[in-house]
Amino acid sequence: MIGARRYQEADALLGQLAAVLAREPEFHRLRAQAAKGMKEPLRAIEHLRAAIAAAPRVIRYREDLADLYRKTGRPADAVAELRQALALDPTAIKPRLGLARLLRQLGDRPSAIAELDRVVTAPGADADVLTEAAMLYVKLEAQSAAIRAMRKAAQARPGDFDVQTWLRKLYTDQVKPWHFPMMNDRLRAEAYEQALRRAVKPTTTVLEIGTGSGLLAMMAARAGARRVTTCETIEVIAEAASEIVRLNGLADRIAVIAKPSTALKVGIDLPERADLLVSEILSDAVLGEDVLRSTAHARAELLKPGAPMIPYAVAAVARLVGGRDLLESTRVETVAGFDLTPFNRFTPSVLAIKMDTRDFADFSADIEAFRFDLAQPPTAPEETRLAFEATRTGACVGVLQWVRLYLDAETIVENRPEGRFTPSAWRSVLFPFPAPRSVREGERIMIRAKHNLISLAFAEAP
């Protein structure tokens, strides 16, 4: 109330000066501020229009008017004012940032990104402006551009804690932490290298889908490939891979392209169709990284007819499991003397089991639920029934699934858990039952298994 009264007093005083100062633009700006303080936006807009009429080349008045238009639900009018301001001074940063925000609000993503691109390349863009632009890029789902802006902010303000923290967060959002255990999975690396050494000849050209660190591409080059083309969707990963390839002295034989494989063109990105495809675009549940579609496109558009592939097939393998560690990962009973069982309605439908040393109990032998031959066109979604025979009596928690790769005729690699979860690039995936199921040794348990080409599901059959 005290603030509102002061605005009223200021407005009254300014009103007494109207006859003398009516042609002064700053007079109208002050009256607009007083009107805003009194919650009279329409009168504030009138005064800002008067200020602009008196001084049409002062962009500050247009910025203030645009802000009022925005706050009163007139974003299109706000955009028009900011465009007028930028026509007067194309180097102005604040109105361009405001324009990008408004264009995002109006759903014009390409134009919003274009305005932000102009902001981050402006000579006067400081660390604060670049950070704000980066955050807006994130909201526009332009993560690579956000990282570029935040890198510039880090260069403008070296050692700044907040800037460095935001930059690392943006990196982590783009480059998931599972890349590190994957690169350090020596069993996987050795299996791929053996298969590549058998497949690659001095005349072989190789296409890799999913560059990552460039490890498989470099293995192919070391095996003697004439030329390796590797592609990566995430720009910052492709950039790092290019640096790694140069660091290891293989830039003359490996081309890293920052594109998804489905955007590659023979004659533009590849000089010719490739002799061999290598990839490791598999999620914990096999299909999550769109391996079937990407491989089918490569076979049809980027490979020579009949070209071999590493792997040539992938499979989802499953077994029934139980044990206290898994039970406590999916359900709760009594804790500190309190019955918490109603919370079990939230038992997860699927749970990736991270690399650790927890024990679990096998309740059946392994069954290969689905096997996908990558040399064939993608199948339609499938559903099947798996008949498991219980190998012990007890409480079965659900179905555990893992990845099996058929690299070539001699090499199969998988993350098969042996009684506890062992270090692997892939995690095992648990599909818990809604509640633990009591089973007897020798009992036959029917499980429904289904995939839709991009994900898997398991549940007890009715």
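Remember, predicted model here, so these are calculated numbers, not experimental data. Think of each chain on its own: its residues are numbered from 1, step by step along the sequence as written. It should be noted that, the model being predicted, local features are given only for residues of pLDDT at least 70 and side-chain atom pairs only at 80 or more, the latter also being counted only at that level, while totals for whole chains, interfaces and linings use all residues. Here the side-chain values reflect all heavy atoms present in the structure, with hydrogen atoms and water set aside.

Colleague: So what exactly am I meant to see when it comes to the overall build of the protein chain here?
Modeller: The helix and strand inventory of the protein chain stands at 17 helices and 17 strands. The globule rule used here is 2.2 Å times the number of residues to the 0.38 power, and the radius of gyration it is set against is calculated over C-alpha atoms. Computed over C-alpha atoms, the radius of gyration of the protein chain comes to 31 Å, more than 25% over the 23 Å expected from 2.2 N^0.38 for 462 residues, which places it beyond the range of a compact globule. Overall, the C-alpha framework of the protein chain stretches about 100 × 70 × 45 Å when taken along its three principal axes. Accessible surface computed for the protein chain: about 23,500 Å², of which carbon and sulfur atoms make up 54%. Charge centroids of the protein chain, computed over 64 positive and 59 negative side chains, lie 4 Å from each other. Going along the chain from the N terminus, every DSSP run of H or I of four or more residues is numbered as a helix, and every run of E of two or more is numbered as a strand. All accessibility values rest on the Shrake-Rupley procedure with a 1.4 Å probe; residue burial counts only the protein chains present in the view. Charged residues are defined narrowly, with Lys and Arg counted positive, Asp and Glu counted negative, and His plus the chain ends left uncounted. Each charge is placed at NZ for Lys, CZ for Arg, CG for Asp and CD for Glu.

Colleague: Would you mind showing me how to read the pattern of salt bridges here?
Modeller: Two side chains that carry opposite charge are able to pair once their charged atoms sit near each other. The salt bridge criterion pairs a side-chain nitrogen of Lys or Arg with a carboxyl oxygen of Asp or Glu, the two atoms within 4 Å. In this structure the tally under the stated criterion is 35 salt bridges. Linking Glu 115 and Arg 96 is a salt bridge whose minimum nitrogen-to-oxygen distance equals 2.6 Å. Of the two residues, Glu 115 is situated in helix α8 (residues 109-120) and Arg 96 in helix α7 (residues 94-105); the sequence distance between them amounts to 19 residues. Note on accessibility: Glu 115 and Arg 96 belong to one class, buried. Residue Arg 197 pairs with Glu 193 through a salt bridge whose shortest N-O separation is 3.6 Å. Here the residue Arg 197 and the residue Glu 193 both occupy positions in helix α13 (residues 186-199), the gap between them amounting to four residues, near one helical turn. Relative accessibility thresholds used throughout: buried, under 20% of the residue-type maximum; exposed, over 50%; partly exposed, between the two (1.4 Å probe, protein chains only). Residue classification places Glu 193 among the buried residues on the basis of a relative accessible area of 14%. The network of salt bridges with shared partners includes Arg 319, Asp 362, Asp 366, Arg 416 and Glu 418.

Colleague: I would appreciate a short explanation of the side chain of Glu 63 in the present structure.
Modeller: Considering the arrangement of structural elements, one finds Glu 63 in helix α5 (residues 59-71). Lys 94 is the oppositely charged side chain nearest to the buried, salt-bridge-free Glu 63, at an N-O distance of 4.1 Å. Every residue in contact with Glu 63, bar those within four places of it in the chain, is listed here: Leu 82, Lys 94 and Pro 95. Here a residue-residue contact requires only that any non-hydrogen atoms of the pair lie within 4.5 Å.

Colleague: Sorry if this is basic, but what is going on with the packing of aromatic side chains here?
Modeller: Two descriptors summarise a pair of aromatic rings, namely the distance from one centre to the other and the angle between the planes of the rings. Stacked, edge-to-face and tilted labels apply to pairs of Phe, Tyr and Trp rings (six-membered ring for Trp) whose centres lie within 6.5 Å, assigned for plane angles under 30 degrees, over 60, and everything in between, in that order. Under the defined criterion, the tally for this structure stands at four aromatic pairs. On the numbers, 6.1 Å between centres and 50 degrees between planes, the contact of Tyr 312 with Tyr 406 is tilted. Pair noted here: Tyr 312 is in the loop between β5 (309-310) and β6 (313-322) and Tyr 406 is in strand β13 (residues 394-406), with a separation of 94 residues, a long-range link. Take Tyr 312: its relative accessible area is 29%, and that puts it in the partly exposed class. According to the relative accessible area criterion, Tyr 406 is buried, its value standing at 8%. Ring-over charges, as used throughout, are those where CZ of Arg or NZ of Lys falls within 6 Å of the ring centre and within 35 degrees of the ring normal. When the ring centre of Phe 346 is taken as origin, the NZ or CZ atom of Arg 345, which lies over that ring, is 5.9 Å away. Directly above the ring of Phe 363 sits Arg 392, whose terminal nitrogen or CZ lies 5.6 Å from the centroid.

Colleague: Sorry, what's going on with the nonpolar core here?
Modeller: Here is a general trend for soluble globular proteins: nonpolar side chains tend to be buried in one another's company. Within this scheme, the nonpolar core is defined by two criteria: the residues are buried Ala, Val, Leu, Ile, Met, Phe, Trp, Tyr or Cys, and they are joined through side-chain atoms within 4.5 Å. Ranked by internal contacts, the top residues of the largest apolar core, which has 70 residues, are Leu 207, Val 286, Leu 320, Leu 405, Ile 447, Leu 456 and Phe 458. Tallying contributions element by element places helix α14 (residues 215-222) first for this core, with six residues. Setting aside residues up to four positions removed in sequence, Leu 456 forms contacts with Ala 285, Val 286, Leu 287, Ala 316, Phe 370, Gln 401, Phe 431, Lys 450 and His 451. If you look at the next biggest cluster of nonpolar residues, it comprises 54 residues, including Ala 44, Tyr 61, Leu 68 and Leu 86.

Colleague: How do you make sense of the pairing of strand β1 (residues 205-209) when you look at a structure like this?
Modeller: Among the five residues in β1, five count as buried, and that is most of the element. Alternating positions in β1 separate into two faces, Thr 205, Leu 207 and Ile 209 on one and Val 206 and Glu 208 on the other, with burial throughout. In short, DSSP must find at least two bridges between two strands for them to pair. Here β1 runs beside strand β2 (residues 227-231); their pairing, made up of five bridges, is parallel. Among the inter-strand pairings, Ile 209 is bridged to a residue of β2, identified as Cys 231. We call a crossover right-handed when, viewed with both strands directed away from the observer, the connection leading from the first strand over the helix to the second proceeds clockwise. Traced from β1 through α14 to β2, the parallel crossover comes out right-handed.

Colleague: What should I look at first to understand the sheet that holds β2 in this one?
Modeller: Sheets are built from strands paired through backbone hydrogen bonds, the pairs being either parallel or antiparallel. Ordered by their spatial adjacency, five strands build an open sheet running β3-β2-β1-β4-β5, and the pairing between neighbours is parallel. Looking at which strands have only one partner, the edges of the open sheet turn out to be β3 (254-257) and β5. Sitting on the sheet, α13 touches β4 (276-279) and β5, and the angle it makes with β4 is about 175 degrees. A fitted line through C-alpha atoms represents every axis, and for helices the fit uses only the stretch in contact; the resulting angles, taken between N-to-C directions, go from 0 to 180 degrees. Relative to β1, helix α16 (residues 291-301) is tilted by about 155 degrees, and along the sheet it contacts β1, β4 and β5.

Colleague: What should I look at first to understand a nonpolar patch on the surface in this one?
Modeller: Patch rule: a residue counts if its relative accessible area is over 30% and it has no salt bridge; like charges are joined within 9 Å, and nonpolar side chains (Val, Leu, Ile, Met, Phe, Trp, Tyr) within 5 Å. A surface patch of nonpolar side chains, amounting to about 280 Å² of accessible area, comprises Val 335, Phe 338 and Leu 340. In this fold, Phe 338 is placed in strand β8 (residues 338-339).

Colleague: How do you make sense of α7 when you look at a structure like this?
Modeller: Note on helix geometry: an α-helix contains 3.6 residues per turn, so any two residues three or four positions apart are oriented the same way. With twelve residues, α7 ought to run about 16 Å at 1.5 Å a step, and its terminal C-alpha atoms sit 17 Å apart, in line with that. Buried positions along α7 lie against α5, α6 (75-88), α8 and α9 (127-139). At the C-terminal side of α7, Gly 107 shows a positive phi close to 85 degrees. The length a helix should cover is 1.5 Å for every residue beyond the first.

Colleague: Explain the pairing of strand β15 (residues 428-439) here, please?
Modeller: Side-chain direction in a regular strand flips from residue to residue, so the side chains alternate between the two faces of the sheet. With three bridges joining them, strand β9 (residues 351-353) and β15 adopt antiparallel strand pairing. Bridge pairing in β15 links Ile 353 to Ser 428. In terms of strand pairing, β13 meets β15 through seven bridges, oriented antiparallel. Considered in β15, the bridge of Gly 394 is made with Val 439.

Colleague: Looking at this structure, how should I read the environment of Leu 196?
Modeller: Looking at the element boundaries, Leu 196 is found in helix α13. Since its relative accessible area comes to 0%, Leu 196 is described here as buried. With sequence-adjacent residues up to four places away left out, Leu 196 is seen in contact with Leu 216, Met 219, Ala 220, Ala 223, Leu 276, Val 278 and Ile 310.

Colleague: Sorry if this is basic, but what is going on with the sheet that holds strand β16 (residues 444-451) here?
Modeller: Strand order in the open sheet made by the three strands is β12-β16-β17, with antiparallel pairing throughout. The sheet terminates laterally at β12 (382-389) and β17 (456-460), the two strands that pair on one side only. The average undirected angle you get between the axes of adjacent strands in this sheet is 25 degrees.

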